[in-house]
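# Structural characterization, general
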Amino acid sequence: MLTLGIDTSNYATSLAVFSKDTGEVVCDIKKFLPVKEGQTGLRQSDALFHHTAVLPSLMEELSHKADLTQVACVGVSSRPRPAEGSYMPCFLAGVSAAAAFAAARGIPVFSTTHQQGHLAAALHATGRPELMEQPVLVFHVSGGTTDLLYCPSLEEIHCMGTSDDLYAGQAVDRLGVKLGFPFPAGQYVSRLAENSRERFHPKVSVKGTHCSLSGLENQCNKLLEEGRSPEDACRYCLTAIGETLCRMASAAEKEYHGLPLVFAGGVMSSSVIAQYVKEQFPRAHFVPGRFSSDNAIGVSILAARSLT
C-alpha cells in the first residue's frame, strides 16, 4: 500500500511516495523555487504561481518512479505549523493538487502541516521507529523556524522556545546572498565554512529556551568589513547558530531530562553546525540532508500512519 505526500513550502515543491507495507520511502523529488539574483525569498503570490506551474511536470516525473495507481491516500501540508492562525498561501497549491488527485482516484486526503512533515521525516531518518511513539525533543531549524519543540507525539507539538526575531536560516541566507550566492544559500555558506580553520567563540543571545539572532547578521558583516575572509565569516555564522542551539538544548534538558533529542530542518544539514552540536550532545540524532531540508517525505509517512 502506497501513500503520496505533497509539500509546497516557500522554498521548494516536493513530492514523495511511501510504502506502508515496507516502511520505506519509495521515491521523492523536489524542485526549489526560482529566486532572482540578490533576493532572499519570494512573495507569496510568486511562490504560489511557481508551485502551480511545476506540480504537473513533477507529478509526471514521479509516475515514472512509482506506480501511482497503488496510492491509497494523499497527504498534504496545508499550513506551516499546527498552531492557531498559522497560514501561508503557497500551501494552497499543494492542497489543490492533493484534492484533485484524490478525487480522481476516489481515495482520502490527509491534511497535516509543513512542520509535522519535517518532524516525521526526521524521526523516520533516525532509524529508530520507536521514536515515533514516544515523547521527544526536536529542534526544527530552517529559514522560517528556529523552534525547540516538545513532542509527546507527532499529533501533539508544544513549542518550548524559538527565536524572538531573525531565524537561523534567514541569517545564513542573508550572509550567503551578500557573498553573491543564490538563494537559498545554506549549502554554499556551509561549504565555505568548512574551509576555515578558525575556532570562534561567538557572542550569542539566549535566555532559557528562547534566543535572539538579529545581532548575528551585523557580526558577520563586521567581520567582512574588518577584512576577514568569507570562509571565516561563514564559519562564525554557523558556529554562532550551533552555540545558540546548544544553549537552548541545555535549558530544555533541565526540564525534560533524558528525552531523545533530534535536530531537524534544512539548516541542520550543515556539517559545521551538526559537528559543533555533536561535541556537546553526542547522543543526539542528526538528520541527513535528504530528510532535513524541505521535503514531502514526512507528509507521505503521516498519510500512511492515518490509514488503519
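The sections below set out a description of the structure shown in this document. The structure presented is a predicted model; accordingly, all values stated were derived computationally and were not measured. (Residues numbered from 1 in each chain as written. Predicted model: local features only at pLDDT ≥ 70, side-chain atom pairs only at ≥ 80, totals over all residues. Heavy atoms only, no water.)

## Some details on the nonpolar core
Counting residues in each nonpolar core, the largest one holds 42 residues, and the members touching the most others are Phe-139, Leu-216, Ile-241, Leu-245, Leu-261, Phe-263 and Ile-273. Of all the elements in the fold, those that place two or more residues in this core are strand E6 (136-141), strand E7 (146-153), helix H4 (168-178), helix H5 (186-193), helix H6 (214-225), helix H7 (230-255), strand E11 (261-264) and helix H8 (271-280). Ignoring any residue separated from it by four or fewer positions in sequence, one finds Phe-139 in contact with Asp-147, Leu-148, Leu-245, Met-248, Ala-249, Leu-261, Val-262, Phe-263 and Ala-264. One finds Val-136, Leu-149, Cys-151 and Ile-157 within the second-largest nonpolar core, a separate group that totals 25 residues. (Core = buried A, V, L, I, M, F, W, Y, C linked by side-chain atoms within 4.5 Å. Buried < 20%, exposed > 50% of the residue type's maximum accessible area, 1.4 Å probe, protein only. Helix = DSSP H or I, 4+ residues; strand = E, 2+ residues; numbered from the N terminus. Contact = heavy atoms within 4.5 Å.)

## Concerning helix H3 (residues 114-125)
The terminal C-alpha atoms of H3 lie 17 Å apart, and with 12 residues this matches the ideal 16 Å at 1.5 Å per residue to within 8%. Counted residue by residue, H3 has 11 buried out of 12 residues, so it is predominantly covered. For H3, the complete set of buried residues consists of His-114, Gln-115, Gln-116, Gly-117, His-118, Leu-119, Ala-120, Ala-121, Ala-122, Leu-123 and His-124. Of the residues one or two after H3, Gly-127 is the one with positive phi, at around 75°. (Expected span 1.5 Å × (residues − 1).)

## Section: the sheet that holds strand E12 (residues 285-286)
Backbone hydrogen bonds hold the strands of a sheet together, and the pairing may be parallel or antiparallel. One open sheet accounts for five strands, arranged E8-E7-E6-E11-E12; its pairing is mixed. At either margin of the open sheet sits one strand with a lone partner, and together these are strand E8 (156-161) and E12. Relative to E7, E6 runs antiparallel, the two being bridged by six bridges. Residue pairing across strands places Leu-137 opposite Tyr-150, the latter belonging to E7. (Pairing = 2+ DSSP bridges.)

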